[in-house]
Each structure stands twice: as C-alpha cells, then as structure tokens.
Amino acid sequence: MTDGRRSALRQPGGPFTGRRGGPRGRSAAAVALRLLRPGGVLIITIAAVSYIAAVDPNEQGHYPTCPFLALTGFQCPGCGSMRTIHALAHGHVQDALALNVLTVAVIPALIFFWARWALARAKDRPTRTKVAHPAFIWAFFGVILLFWLVRNLPFGSFLAA
C-alpha cells in the first residue's frame, strides 16, 4: 500500500467509511435521505392515529376483539389502547386515562425516542443500538407485568378498560 492510500483509510472521509470528504453530507438532499426512515415511521403513525380517530373503536364491528381477552376473559396490558388513542385524538384526556393509563404514560417516552432517533439521523450521528440501561428496561417490563396483574384483580378494577 502506498502512504496516500493508508492515510485515506484512517481519515473519517476515507473510501471505506461510506462518507464523502467535506462537510459530512450536510446538504438538504443528504439530510432528507437520512430522514426517510424516521419520516416513514412518522407518516405511518399519523395515518394509524388518524384512522383510529376517524373510526370509533367503541362501536362494535370496527375492530377485532383482543385475542387474550377473548380466550381468557382477562385484560392484557394493551386492552383499551385503541379507545385511549381515539380519546386522546379527540382531546378527552380524562377518558383516555380511565381507559389505559399505561398507554398514556408511554406515549411521551415513544415521542422522545423517536425524536432522539430522528435528530441523530439528521445530524448523521450513529443511532444507539441500546434504548436504555438494562435495569431501566427490566423495571419497565416489571411495571407492565404489575399493571397487567393489578388491572385484573378486584381491587384494581379502576385500571380496567
């Protein structure tokens, strides 16, 4: 290898890094290309929320019944989530909290993680492969299981959808 080739491999704009030399691909076209996936997720989310807002899940026959509820008679942690999204889309926050408080609590976290991902892609920074510390993920899993259990017990009926 020549010295010119070795120095090109070590530099951030070298031929094997996938980046071109110069301003690190900050043109509008490069940013738009990097934002295709976050933008696609945003468009799909807006479409799904718009559909749920337009087609009332409280009316029979529009959506299938939760399979876990149909098989066991118990509510899963997600039961009432579509009705919660419908209520939030119409500005009825109290109704949404009464249907599924966990869904309402998780929405800001989902928005945060999506915004962090979109910002990292816009700035051409690597996206994190770990969402959070494993202890946080296990704690969140424990909260979901506890919510699932308590909403199906007699004293936790206030959490039922």
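In what follows, the structure referred to is the one given above.
Here's a quick rundown of the structure.

Parameters and conventions
Residues numbered from 1 in each chain as written. Predicted model: local features only at pLDDT ≥ 70, side-chain atom pairs only at ≥ 80, totals over all residues. Heavy atoms only, no water. Disulfide = S-S within 2.5 Å. Axes fitted to C-alpha atoms, helices over the stretch in contact; angles between N-to-C directions. Helix = DSSP H or I, 4+ residues; strand = E, 2+ residues; numbered from the N terminus. Left-handed = near helix turned anticlockwise from the far one by under 90°. Contact = heavy atoms within 4.5 Å. Nonpolar A, V, L, I, M, F, W, Y, C, P; charged D, E, K, R; others polar. Expected span 1.5 Å × (residues − 1). Buried < 20%, exposed > 50% of the residue type's maximum accessible area, 1.4 Å probe, protein only. Polar contact = N/O pair within 3.5 Å; in protein donor to acceptor, adjacent residues only side chain to side chain. Arc of directions from axis to C-beta.

Turning to the state of the cysteines, a few remarks are in order. What is meant by a disulfide is a covalent connection between two cysteines, made through their sulfur atoms. This model, assessed by the stated rule, comprises zero disulfides. Of all cysteine sulfurs in the structure, the one in Cys-66 sits closest to Cys-79, which takes part in no disulfide; the separation is 3.6 Å.

We now examine the packing of helix 5 (residues 81–89) against helix 7 (residues 101–122). Put simply, helix 5 and helix 7 touch, their axes get as near as 9 Å, and they point 65° apart. Crossing angle aside, the handedness with which helix 5 passes helix 7 is right-handed. The residues of helix 7 that touch helix 5, namely those facing Ser-81, Thr-84, Ile-85 and Leu-88, are Thr-103, Val-104 and Ile-107. Of the residues that constitute the contact of helix 5 with helix 7, the class distribution is four nonpolar, three polar and no charged.

Each turn of an α-helix holds 3.6 residues, which means side chains three or four residues apart point in the same direction. Look at helix 7: 33 Å from first C-alpha to last across 22 residues, which is about the 32 Å you get at 1.5 Å a residue. Those residues of helix 7 that fall on the buried side of the exposure criterion are Leu-102, Thr-103, Val-104, Ala-118 and Ala-120. Each element contacted by the buried residues of helix 7 is listed here: helix 3 (36–54), helix 5, helix 6 (93–99) and helix 8 (134–151). For helix 7, the capping residue at the N-terminal end is Asn-100, with a side-chain oxygen 3.1 Å from the backbone nitrogen of Leu-102. Asp-124 sits one or two positions beyond helix 7 and adopts a positive phi of about 60°.

With that out of the way, let us pick up helix 8. With 18 residues, helix 8 should reach 26 Å at 1.5 Å per residue; the first-to-last C-alpha distance of 26 Å fits that figure. Residues Phe-147, Val-150 and Arg-151 constitute the buried set of helix 8. For helix 8, the arc enclosing every buried residue in end-on projection is 85°, short of the 170-degree limit, so these residues lie on one face. For helix 8, the exposed residues lying more than 90 degrees away from the buried face are Trp-138 and Leu-149. Contacts made by the buried residues of helix 8 are with helix 6 and helix 7.

Just distances and angles here, no functional claims.
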